[in-house]
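Okay, here's what each chain looks like letter by letter:
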Amino acid sequence: MPAPFTSETGVLAPLLRDNVDTDAIIPSREMRSVGKDGLAEGLFAGWRYTAIGGRDLDPAFVLNTPRYAGARFLLSGLNFGCGSSREHAAWALAEYGIRAVLARSFNPIFFGNCVRNGIVPVELPGSTIDVLAAYVESASDPAITVDLTACAVIAGEGVHTFSLDAEAHEMLLHGLDPVALTLRFGAEIDAFRASDRKLRPWAYL
Amino acid sequence: MMPKMMPRTLFEKLWSQHLVRELDARTGLLVIDRVLLHERTGGVALRALREAGRRIVSPRQVFATMDHVVDTLPGRTDRTIMPTGTDFIRALREEAQANDIWLFDIGDAGQGIVHVISPEQGIVLPGMTLICPDSHTCTQGGMGALAWGIGSSEAEHALATGTLRVKKPATMRIAVRGRLSTGVTAKDLALHILQRFGSSFATGHVIEFAGEAIDAMEIEARLTLCNLATEMAAFTAIIAPDAKTIDYVRGRRFAPIGDRWERAVADWEQLASDPGAVFDREFTLDAADVAPMVSWGTNPQQSARIDGVVPAAREGEPATTHGRSLEYMALDEGAALAGLSIDAAFIGSCTNSRLSDLRRAADQLRGRKVAEHVRAICVPGSSSVKMQAEAEGLDQVFRDAGFEWRESGCSMCFFAGGESMPAGARVISSTNRNFESRQGPGTRTHIASPEVVAASAVAGRIAAPVAALGEA
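Sequence order as written defines the numbering, with residues in each chain counted from 1. For this description, chains carry letters from A and ligands carry numbers from 1, given in the order in which they are written. Local features are withheld for residues below a pLDDT of 70 in this predicted model, meaning they are given only at 70 or higher, and side-chain atom pairs are given and counted only at 80 or more; totals for whole chains, interfaces and linings count all residues.

Q: It is not clear to me how the overall build of chain B should be interpreted in this structure. Could you clarify?
A: Working definition: helices are DSSP H or I runs of at least four residues, strands are E runs of at least two. Numbering for both runs from the N terminus. Within chain B one finds 16 helices and 19 strands. The C-alpha atoms of chain B give a radius of gyration of 21 Å, which matches the 23 Å a tight globule of 472 residues would have. Considered along the principal axes of its C-alpha atoms, chain B spans approximately 65 × 50 × 45 Å. Put simply, chain B has 472 residues, and 60% of those count as buried. Whether two residues are in contact is decided by their C-beta atoms, placed from the backbone, lying within 7 Å. Long-range contacts, defined here as pairs at least 24 residues apart, represent 76% of the contacts in chain B between residues at least 6 apart. Every radius of gyration here is taken over C-alpha atoms, with the globule rule written as 2.2 Å times N^0.38, N being the number of residues. Three exposure classes are used, based on other C-beta atoms lying within 10 Å of a residue's own C-beta, which is placed from the backbone: buried for 20 or more, exposed for 12 or fewer, and partly exposed in between.

And the structure:
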């Protein structure tokens, strides 16, 4: 299970594009093994390296610049994580060390994958994204704090609150295992299925 | 006397029918009727489940297929062009056997792309909840099911508990007035919606497609339309089942029979949004406004009429997004789309690889030849589609025109390290995503309907289908 997330401070790297898709986050060609590990190297491979399949860093890519080295947070636009449902995108981000993504909106499957892997999907209005973009460009140190207890992003003097639905908030704050939580309702689920089977027998094989 | 029920949307009916309990004001625990798996993400979910010491609640309601990394060349085996593809194939097979899950394996007549075989085999039924660790699971909403894509962890959850914890989406209805013109397809309608409203307009919503144009659509076209709901960032899409849906399901391999069938049909006939049901958002479109479409950029919202030009940036779009797309696609703002020279043409994918798609593409190809500089490939969506197409002689039409005729699978809808289009190649493709490097390193993908792909393959450049041109 992911570690609980309360409050963390680190570098925020701007990746100010709309529709950053999961093929860009981790290309399918980088998903080589039947597992959840060894994916950080493939993170943003198409943008991070100079050649497809190569490992020479492209100095122009934001995560390769000295200013944003070791970034813990990403700043982006609309519909972050769109495309393929591959949870490898969240696994790769987590393994690389990304703890939260701040974006105008998230694709729903990716949002769920973040929550299941301890990455906080922070949804912020475009005006706040602009403020944060200006902040990381001009501040001497482009670091921010994401305080999940207070649901706030702290950037210098600026405090920007965000909202997260209760379920996702609980899961992230306490690093909970949803399967274990649901299995507590095992008897209730069994009872539901038994009566549902009478109502919709065709649904059960 | 029963209190009068508030009119409800189809989605709300299905939500309450499947709701085991409310977890909080916005989250429900829903019972899941079917889980589908494929070798790309299925093996890892099953393995993780086993390693966690958990077992599958109802393995008979779980189905698996080989589609994502399996080769589509004739005579294929477990060996794949993708360097480690065999591991994925064998992991899924081993886990399926160990867990007593039905697997449509290589060589099985039921094998094919998960969202093609599920309706074809009668696995998805109207009114069901169905999940699959694949974003295009929304395709199956075209059957009147509540079907949506999830990640591997959520697949594990559904397998281990028979349920999912789901944040309740808001509702949206997109009604399409009138009928689509000849030569204008469900794919064009989806791209029209994407172009008009953008790639994230449906975030947090379940879309119900309705109206005359949808009623008039055959089931396969409805599957195509719902397929692209994930590109709209929707939770999923659904189309109320009707007589066509019920006719489609009848007699399929896993469809109910006898008394179960009668009871199912009686239930399915109630599955529609009530008159007066309130949606959180509603849009009405005119089918007459929809023309054959083609994408020009690196996201499906970056699409335009085939007789149009590469547009300026969308309002509010970061200049970096638009500029990067133009640069990647080697296009200038204002450039005409029709007439762009292409290097390859691809017909396949969970979007457009069903029998009706192949028939319409074949209509463009009969007695014609693919342009000399174009590599053209057709990958039927399932082994069964392939066999039916061969029985009709469609394979010969494709082959005679110069298309490669393949075994079924996802194939070059995406590049997984195996087969790919050449770097920089401009590809016209009946698939769903025109992302950077989607079909191979540096490939430039233009997505369109199968008839546009076929017509373009012949012309050697992006071209409208013959009939659509004639009637325009």
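Q: I would appreciate a short explanation of helix α4 (residues 114–121) of chain B in the present structure.
A: Every α-helix winds through 3.6 residues per turn, so residues three or four apart in the chain are directed the same way. Residue and element names in this part refer to chain B. Buried residues dominate α4, accounting for eight of its eight residues. For α4, every residue scored as buried is listed here: Val-114, His-115, Val-116, Ile-117, Ser-118, Pro-119, Glu-120 and Gln-121. Structurally, α4 contributes buried residues whose contacts are with β3 (34–38), β4 (62–65), β5 (102–104), β6 (129–132), α8 (219–227) and α13 (383–392). Gly-122 lies just past α4 and shows a positive phi near 75°.

Q: I tried to follow the packing of helix α6 (residues 186–197) of chain B against α8 of chain B on my own but got confused; where do I start?
A: Packed helix pairs are specified by the crossing angle of their axes together with the interaxial distance, meaning the distance between the axes. Residues and elements named next belong to chain B. Fitting a line to C-alpha atoms yields each axis, with helices limited to the stretch in contact; the angle taken between N-to-C directions then spans 0 to 180 degrees. Interaxial distance between α6 and α8 falls to 8 Å at its minimum, and their mutual angle equals 25°. Regarding the angle of α6 to α8, the classification is roughly parallel. Taken as a pair, α6 and α8 cross one another with a handedness that is right-handed. Facing Ala-186, Lys-187, Leu-189 and Ala-190 of α6, the residues of α8 in contact are Ala-221, Arg-222, Thr-224 and Leu-225. Within the contact of α6 with α8, the residues separate by chemical class into five nonpolar, one polar and two charged. An angle counts as roughly parallel when it lies under 35 degrees, as roughly antiparallel when it exceeds 145, as roughly perpendicular when it falls between 65 and 115, and as oblique in every other case. Here a crossing is called left-handed whenever its near helix is offset anticlockwise from the far helix by less than a right angle, and right-handed whenever the offset is clockwise. Gly counts as polar in this scheme, as do all residues outside two lists: the nonpolar Ala, Val, Leu, Ile, Met, Phe, Trp, Tyr, Cys and Pro, and the charged Asp, Glu, Lys and Arg.

Q: Which parts of the structure should I look at to understand the interface of chain B and chain A?
A: Many authors give the size of an interface as the accessible area that is lost as the parts come together. Facing 67 residues of chain B, the contacting portion of chain A comprises 51 residues. Contributions of two or more residues to the side of chain B that touches chain A are made by β1 (19–24), β2 (27–31), α2 (42–51), α3 (85–99), α5 (152–161), β8 (163–167), α10 (258–268) and α11 (319–329) of chain B. Counting residues per element, the side of chain B that touches chain A draws most heavily on α5 of chain B, at seven residues.

Q: Help me understand the pairing of strand β6 (residues 152–155) of chain A, please; the structure alone is not making it clear to me.
A: The two faces of the sheet receive side chains in turn, since in a regular strand these alternate between them. Residues and elements named next belong to chain A. Alternating residues of β6 divide into Val-153 and Ala-155, all buried, and Ala-152 and Ile-154, none buried. Summarising the sheet, strand β5 (residues 143–147) and β6 pair through three bridges and their orientation is antiparallel. If you follow Thr-145 over to β6, its bridge partner there is Ile-154. In this structure, the hairpin formed by β5 and β6 is closed by a connection of four residues, where Cys-151 is found at a positive phi of approximately 50°. For two strands to count as paired, DSSP must find a minimum of two bridges between them.

Q: Mind showing me how you'd approach the sheet that holds β2 of chain B here?
A: Neighbouring strands of a sheet are bound in pairs by backbone hydrogen bonds; such pairs are parallel or else antiparallel. With respect to topology, three strands assemble into an open sheet ordered β1-β2-β8 (chain B), the strand pairing being antiparallel. This sheet does not close on itself; its edge strands, each paired only once, are β1 and β8 of chain B. This sheet shows a mean twist of 25° between the axes of neighbouring strands, independent of strand direction. As paired strands, β2 of chain B and β8 of chain B are joined by five bridges and run antiparallel to one another. Looking at β8 of chain B, one finds that Val-31 of chain B is bridged to Thr-163 of chain B. The sheet strands contacting helix α6 (residues 166–174) of chain A are β1, β2 and β8 of chain B, and the helix crosses β1 of chain B at an angle near 70°. Across the sheet, helix α8 (residues 186–199) of chain A touches β1, β2 and β8 of chain B, and the angle it forms with β1 of chain B is around 145°.

Q: Please clarify how the domain arrangement of chain B should be interpreted in this entry.
A: Residues and elements named next belong to chain B. Domain limits in this description derive from either an automatic procedure or a database domain assignment. Along its sequence, chain B is carved into domain 1 (23–165 + 254–264) and domain 2 (293–471). On a C-alpha basis, the centroid separation for the pair domain 1 and domain 2 is 28 Å. Taken together, the contact between domain 1 and domain 2 spans 25 residues of the former and 21 residues of the latter. Broken down by element, the side of domain 1 that touches domain 2 gets its largest block of residues, four residues, from α4. When the residues that make up the side of domain 1 that touches domain 2 are grouped by side-chain class, the tally is eleven nonpolar, ten polar and four charged.

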